[in-house]
Amino acid sequence: MGIRHDWTVVEADALIGRAFHDLLAEAHEVHRQTFDPQVVEAAILLSIKTGACPEDCAYCPQSSKYDTGLEPERLMATADIVDAARNALASGATRFCMGAAWRSPTDRQVALVADAVRAVGGLGMETCATLGMLTSDQAQRLAEAGLDFYNHNLDTSPEFYGEVITTRTYEDRLDTLANVRESGVKLCCGGIVGMGESRLDRAGLLVQLARLDPHPESVPINLLVQVPGTPLYGTDKLDPLELVRTIAAARLMMPASVVRLSAGRSQMTDELQALCLHAGANSVFLGDRLLTTPNPGNDHDRDLLDRLDTTLAVVDLPTSTATSTCTNATDSAVSHVPVTVTRDTVSTMAAQIRSTSSSVEM
Ligand code: SAM
Ligand code: DTB
Ligand code: SF4
């Protein structure tokens, strides 16, 4: 299947609804044409500014509108962010993703994050930031600091969006994506399943993502983490096979993008995660925390990756002797050359990342 940007919702819905084994077989075949199925990319998240967000995203524990018991924290100092990134690199992650609970940062906040991006990039890691809506000038400032990826999700279909968020529009999100693209920073853009949306909504989300030209280089598919106090807490659980189908369809519709099995892995069985990786996901977040909620943790992931005969991708540092095996992949700074996952490489992860930080700005 070639690269297409003209998918319709009817087509995407039919794709997700194909006979399960046919869908998986084709998705896995397409996956193998670009990627080594034995190699998984690893990113580590750090919440650099936590909670007190003015937005009303119904899934989010960081919204000030909901009482989730989360203690707000100010923006971390650059030195603490860099310490965490160093630990992330040592633990086998190739990308360090800095998340801030802002609707849209001020220029001063962007300048502070740009300092952190420069410092983390200096360690030889890929950098990613997710700070809310950006102006074109702010995106340019981050590009100048060497930011590799900006994460800004569409979250769901345009039709279901209003059920989840009322404080910013779908168009606002598309505007930020355009500003990021214009700056030359690569896009990490995906959504959430399990929010009570229909299959047609999941198809609608994938169509929006696949209509972006070029496709987002990273596509995170999050399974809703249900947090007490948020409006979506208590939502009927999604059939896990629908997650697998959505990932397989994402792989087929965006064949060269890295698809990340993102939030929600703590609620998944190992077997479900294995199916998702077979269906075309080839990236995960490591560590025992996402931004504010739990993630499986180092020991568990080491065992799972070992059991799946899978290894972690490595960053192509200038000094690296690795040779990329995934020349078609859009995420090309990372080589999918295998590195054996050992207790040492994956066991020193994000427990250290959450070291106490001094605060400089909210
Ligand atoms: N405030 C910024 C924004 O919204 O763009 C950046 C941080 S926000 C936490 C990043 C993304 O995390 C959201 O767009 C959403 O897709 C995902 N997310 C947040 N809470 C989640 C939850 N409870 N379950 C699954 N995904 C979640
Ligand atoms: C994305 O799509 N998922 C990550 C990352 N981008 C920033 C965030 C998941 C957050 C899950 C809820 C939490 O830990 O607060
Ligand atoms: Fe704020 Fe982002 Fe959470 Fe929405 S998802 S409430 S914008 S931190």
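Figured I'd write up the structure that's included with this text. (Residues numbered from 1 in each chain as written. Chains lettered and ligands numbered in written order. Predicted model: local features only at pLDDT ≥ 70, side-chain atom pairs only at ≥ 80, totals over all residues. Heavy atoms only, no water.)

**Section: the pattern of salt bridges**
- As enumerated under the stated definition, the model contains 20 salt bridges in all.
- The network of salt bridges with shared partners includes Glu197, Arg199, Arg202 and Glu242. (Salt bridge = Lys/Arg side-chain N within 4 Å of Asp/Glu carboxyl O.)

**What about the nonpolar core?**
- Formed by 95 residues in total, the largest nonpolar core has its most connected members in Tyr59 and Phe96.
- Among the elements that line this core, the one with the most residues is helix H9 (residues 240–253), at 8 residues.
- Of all hydrophobic cores here, the second largest spans 10 residues; its members include Val225, Ala263, Phe285 and Leu290. (Core = buried A, V, L, I, M, F, W, Y, C linked by side-chain atoms within 4.5 Å. Buried < 20%, exposed > 50% of the residue type's maximum accessible area, 1.4 Å probe, protein only. Helix = DSSP H or I, 4+ residues; strand = E, 2+ residues; numbered from the N terminus.)

**A closer look at the packing of aromatic side chains**
- Evaluated as defined, the whole model comprises 1 aromatic pair.
- Ring geometry for tyrosine 161 versus tyrosine 170: centroids 5.2 Å apart, planes at 90 degrees, classification edge-to-face.
- Tyrosine 161 gets classed as buried once you look at its relative accessible area, which sits at 4%.
- If you follow arginine 4 out to its NZ or CZ, it ends over the ring of tryptophan 7, 4.1 Å from the centre.
- Looking at arginine 95, its charged tip hangs above the ring of phenylalanine 149, at a distance of 3.6 Å from the centre. (Phe/Tyr/Trp six-rings, centres within 6.5 Å; stacked < 30°, edge-to-face > 60°. Lys NZ or Arg CZ within 6 Å of the ring centre and 35° of its normal.)

**Describing the site of ligand 2**
- Of all residues adjacent to ligand 2, which total 13 residues, the nearest are Asn153, Asn222, Leu291, Thr292 and Thr293.
- The side chain of asparagine 151 places a nitrogen or oxygen atom 3.1 Å from a nitrogen atom of ligand 2.
- The side chain of asparagine 153 places a nitrogen or oxygen atom 2.8 Å from an oxygen atom of ligand 2.
- Protein chains shield 89% of the accessible area of ligand 2, which is 400 Å² for the free molecule.
- Among the residues forming the shell around ligand 2, the class breakdown is 7 nonpolar, 6 polar and no charged. (Near = heavy atom within 4 Å. Polar contact = N/O pair within 3.5 Å; in protein donor to acceptor, adjacent residues only side chain to side chain. Areas by Shrake-Rupley, 256 points an atom, 1.4 Å probe, with all protein chains shown as cover. Nonpolar A, V, L, I, M, F, W, Y, C, P; charged D, E, K, R; others polar.)

**Some words on the environment of histidine 5**
- Inspection of the secondary structure puts histidine 5 in the segment before helix H1 (9–16).
- Once the C-alpha coordinates of histidine 5 and aspartate 213 are considered, the two residues, 208 residues apart in sequence, prove to be 6.6 Å apart.
- Excluding its chain neighbours within four sequence positions, the residues that come into contact with histidine 5 are Ala210, Arg211, Leu212, Asp213, Pro214 and His215.
- Here leucine 212 takes part through its backbone oxygen, which lies 2.9 Å from a polar atom of the side chain of histidine 5.
- Within the structure, histidine 5 has its side chain in polar contact with the side chain of aspartate 213 (distance 3.2 Å). (Contact = heavy atoms within 4.5 Å.)

**A word on the packing of helix H5 (residues 136–144) against helix H7 (residues 170–183)**
- Interhelical geometry of H5 versus H7 gives an angle of 40 degrees and a closest axis separation of 8 Å. In terms of their interaxial angle, H5 and H7 are classed as oblique. With respect to the hand of their crossing, H5 and H7 are arranged in right-handed fashion. The segment H5 lies against H7, with Ser136, Ala139, Gln140 and Ala143 engaging Asn179, Val180, Glu182 and Ser183.
- Split by residue class, the contact of H5 with H7 holds 3 nonpolar, 4 polar and 1 charged. (Axes fitted to C-alpha atoms, helices over the stretch in contact; angles between N-to-C directions. Parallel < 35°, antiparallel > 145°, perpendicular 65-115°, else oblique. Left-handed = near helix turned anticlockwise from the far one by under 90°.)

**Some remarks on the pairing of strand E9 (residues 258–261)**
- Covered by surrounding structure in E9 are Val258 and Arg260 together with Val259 and Leu261, the residues of both alternating faces.
- Relative to E9, strand E8 (residues 218–223) runs parallel, the two sharing 4 bridges. Counted as the bridge partner of valine 219 is valine 259 from E9.
- Handedness of the E8-H9-E9 crossover: right-handed.
- Remark: the E9/helix H10 (residues 270–279)/strand E10 (residues 283–285) crossover connection has right-handed handedness. (Pairing = 2+ DSSP bridges. Right-handed = clockwise from strand over helix to strand, strands pointing away.)

**A look at helix H3 (residues 78–90)**
- The terminal C-alpha atoms of H3, which comprises 13 residues, lie 18 Å apart, in line with the 18 Å expected from a rise of 1.5 Å per residue.
- All of the buried residues along H3 are Asp80, Ile81, Val82, Ala84, Ala85 and Ala88.
- One or two steps after H3, the chain reaches glycine 92, where phi turns positive at roughly 110 degrees. (Expected span 1.5 Å × (residues − 1).)

**Here's the deal with the pairing of strand E1 (residues 39–49)**
- Burial runs high along E1: 11 of the 11 residues are buried.
- As judged from the 3 bridges shared by E1 and E10, these two strands associate in the parallel manner. Within E10, the position partnered with alanine 43 by the bridge is phenylalanine 285.
- Relative to strand E3 (residues 95–100), E1 is paired through 6 bridges, and the arrangement is parallel. Its bridge partner lying in E3, leucine 46 is registered against methionine 98.

Honestly, that's just the spatial picture; any functional story needs more than this.
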